[in-house]
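# Remarks on the overall topology
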Amino acid sequence: MPEVLQRYEAEIWQAIGETFAMVGMSILAAIIVGLPVGTLLFLCRKGNLLENRVVFSILNLLVNTIRSFPFLLLVVFLIPFTRFIIGTAIGTAAATVPLSIIAIAHYSRLVEQSLLDVPRGVIEAAKAMGASVVEVVFKFLFVEARSGLVLGLTTSIISFISYSTIMGVVGGGGIGDFAIRYGYQQFMTDLMIYMIIIMVILVQCIQFIGTTVARVIDKR
Amino acid sequence: MIQIHDISKRFADYEAIKAVDIEVNEGEIYGIIGASGAGKSTLLRLMNLLEVPDCGEVVVDGKNLMAMKPKQLREARKSMGMIFQHFNLVANLTVYDNVEVCLQLANYPKHQRRERVMECLRFVGLAHLEKQYPQSLSGGQKQRVAIARALANEPKVLLCDEPTSSLDPHTTAEILAVLEEINRTLGVTIVIVSHEMEVIQSICHRVSVMADGSVYKTIDLEPQGIPDVDHTPEYFIEKLTGEVSGDA
């Protein structure tokens, strides 16, 4: 192992841990909140099962607004909210708040798009069989859209990693922050390059896993 | 079995169904024929309220569907099977699972599900394909799976929306034979929408001819039986040239 990596081994492991914590929380938020929000966006659309213009417009506007923020501004803008939720606006835990919010907005849009790819005929058939809305969602929509949902999550996770790199501004730490503080600001270019390599490997692995899973579960 | 009384349905500025009255008797095969845009599919979809009419009454098996709460309507739909032109199977589920879904929705007793699914698949002659996914099936096989799915919960009515319109004549004949058998052996009332004359002639007991959103006339028929379609080279040559070919 290169000498510089050995020297900073403890810090690097800590940075990797922080990145995993931030991205992990984002993934949880995406699945727990983003998936239902995206599904609701789909269901409330004109001509769909729960057609509801008000709910659709509100969700749509919210998702668009969050996604149109430059992420750095969103982080700063959310500081009071983060302080209210976590008790502080500084640190890795605080960093998960804006990350989770962008994660929800990001993934819910991709969920909506995946569900739009499900043939309408399948939903018709489900309705004709007497399926309730919940049954249509779980027994038909999610089953038919599953590979799209996985690919969407893969894309999202990679974006979350990218977003997490700037959480240094609120003391969130992580690999990106480490690369800036040690590699860039202390002129250890080789250290910065190693950090970039770690990120590239991480993204490659995630994309590979996501693509493989999506292919295996796609029987269409 | 199905009474449609004074039903109208309007889409935006277009009147799809105009004050239609029809009655489908228990145990018959009822055809609906007409040109594209005549409103025949819409009329069929009104029978299980996939399309909600603007006014009128839809009574199935003595119950007025229009007066039902959503939950009651879902229950009523479970005793009405439906098949479609494009089959509408769940591509990510196996043949077996596609049929089983219907039983899950109907809360069919768990320990009897496997037996019932296989019974339905045997009925349509596809028990050996239970582990396949729809993608690997031919059009005719997909429609058989869809029929098995529609039959699983022992419906009283089977609604068929252009069931053979994306199939070749030979497969069409096979599917019609299955439908005829369902009607004859299980006593299921069948409504078939089709634009194909032979489909209606071969198995329907009565037919409504639709035009422009209205029923033009309803006629009693003597089912002609399913034509024997034999796709030998001689058949094609004879059809194309009108000559009986002896060279082959």
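Going by an unreviewed UniProt entry, chain B carries the name ATP-binding cassette domain-containing protein and comes from Cytobacillus stercorigallinarum.

Named according to an unreviewed UniProt entry, chain A is ABC transporter permease originating from Cytobacillus stercorigallinarum. Its UniProt record, at the heading Sequence similarities (unreviewed entry), says of chain A: "Belongs to the binding-protein-dependent transport system permease family."

## Focus: the domain arrangement of chain B
Residue and element names in this part refer to chain B. When cut into domains, chain B gives domain 1 (1-65 + 168-248) and domain 2 (80-154). On the domain 2 side, the residues contacting the 15 residues of domain 1 number ten residues. Of the roughly 1,000 Å² buried between domain 1 and domain 2, counting both surfaces, carbon and sulfur atoms make up 84%. Viewed at the interface, domain 2 and domain 1 are joined by one salt bridge. Salt-bridge contacts for Arg 144 lead to Glu 174; the nearest nitrogen and oxygen are separated by 3.2 Å. Here domain 1 is connected to domain 2 by one residue pair in polar contact (both at pLDDT 80 or more). At the level of elements, helix H1 (40-46) and helix H6 (169-186) are the ones that each hand at least two residues to the side of domain 1 that touches domain 2. The element contributing the most residues to the side of domain 1 that touches domain 2 is H6, with nine residues. Taken together, the residues of the side of domain 1 that touches domain 2 sort by class into nine nonpolar, three polar and three charged.

## Digging into the UniProt feature "transmembrane region" (unreviewed entry) in chain A
All names here are of chain A. The positions UniProt marks with the feature "transmembrane region" (unreviewed entry) are residues 20-43, 55-79, 85-105, 149-171 and 191-217. Taken end to end, residues 55-79 has its terminal C-alpha atoms 27 Å apart, with 88% of it in helix and 0% in strand. Across residues 149-171, helical content stands at 70% and strand content at 0%; the span's end C-alpha atoms are separated by 32 Å.

## Brief notes about a nonpolar patch on the surface
Residues Met 25, Leu 28, Ile 31, Ile 32 and Val 33 of chain A make up a contiguous nonpolar surface patch of roughly 420 Å² in combined accessible area. In this fold, Val 33 of chain A is placed in helix H2 (residues 9-44).

## Some points on the environment of Lys 9 of chain B
Residues and elements named next belong to chain B. Tracing the chain through its elements places Lys 9 in strand S1 (residues 2-11). Separated by eleven residues in the primary sequence, Lys 9 and Val 20 have C-alpha atoms spaced 9.6 Å apart. Excluding residues that lie within four positions of it along the chain, Lys 9 makes contacts with Tyr 14, Glu 15, Ala 16, Ile 17, Thr 42, Glu 51, Val 52, Pro 53 and Asp 54. One polar contact links the side chain of Lys 9 to the main-chain carbonyl oxygen of Val 52, over a distance of 2.9 Å.

## Remarks on the environment of Asp 190 of chain A
Residues and elements named next belong to chain A. Along the chain, Asp 190 falls in helix H11 (residues 189-217). On the accessibility criterion, Asp 190 (40% relative accessible area) is partly exposed. For the pair formed by Asp 190 and Val 4, sequence separation is 186 residues and the distance between their alpha carbons is 8.1 Å.

## Some remarks on the interface of chain B and chain A
Taken together, the contacts link 22 residues of chain B with 20 residues of chain A. Buried surface at the junction of chain B and chain A, both sides included, amounts to about 1,900 Å², of which 60% is carbon and sulfur. For the pair chain B and chain A, the interface holds one salt bridge. Measuring nitrogen to oxygen at the nearest pair gives 2.2 Å for the salt bridge that ties Glu 124 of chain A to Arg 45 of chain B. Between the two partners, chain B and chain A, sit eight residue pairs in polar contact (both at pLDDT 80 or more). Those elements that provide at least two residues to the side of chain B that touches chain A are helix H2 (70-77), strand S6 (80-83) and helix H3 (95-105) of chain B. With four residues, the top contributor of residues to the side of chain B that touches chain A is H3 of chain B. Residues belonging to the side of chain B that touches chain A are distributed by class as follows: twelve nonpolar, five polar and five charged.

## Comments concerning the sheet that holds strand S8 (residues 189-194) of chain B
All names here are of chain B. Taken together, six strands build an open sheet; the order of strands is S6-S7-S8-S3-S9-S10 and the sheet is mixed. Two strands bound the open sheet, and with one partner strand each, they are S6 and strand S10 (214-220). The mean inter-strand angle of the sheet, taken between neighbouring strand axes irrespective of direction, is 15 degrees. Where S6 and strand S7 (residues 157-161) come together, four bridges link them in parallel fashion. Across the sheet, Ile 83 pairs through a bridge with Cys 160, a residue of S7.

Reading the values: the criteria
Residues numbered from 1 in each chain as written. Chains lettered and ligands numbered in written order. Predicted model: local features only at pLDDT ≥ 70, side-chain atom pairs only at ≥ 80, totals over all residues. Heavy atoms only, no water. UniProt positions renumbered as here; feature names shortened; annotations may be inferred. Domains from an automatic or database assignment. Contact = heavy atoms within 4.5 Å. Buried area = accessible area lost by both parts, 1.4 Å probe. Salt bridge = Lys/Arg side-chain N within 4 Å of Asp/Glu carboxyl O. Polar contact = N/O pair within 3.5 Å; in protein donor to acceptor, adjacent residues only side chain to side chain. Helix = DSSP H or I, 4+ residues; strand = E, 2+ residues; numbered from the N terminus. Nonpolar A, V, L, I, M, F, W, Y, C, P; charged D, E, K, R; others polar. Patch = residues over 30% accessible without salt bridge, like charges linked within 9 Å, V, L, I, M, F, W, Y side chains within 5 Å. Areas by Shrake-Rupley, 256 points an atom, 1.4 Å probe, with all protein chains shown as cover. Buried < 20%, exposed > 50% of the residue type's maximum accessible area, 1.4 Å probe, protein only. Pairing = 2+ DSSP bridges. Axes fitted to C-alpha atoms, helices over the stretch in contact; angles between N-to-C directions.

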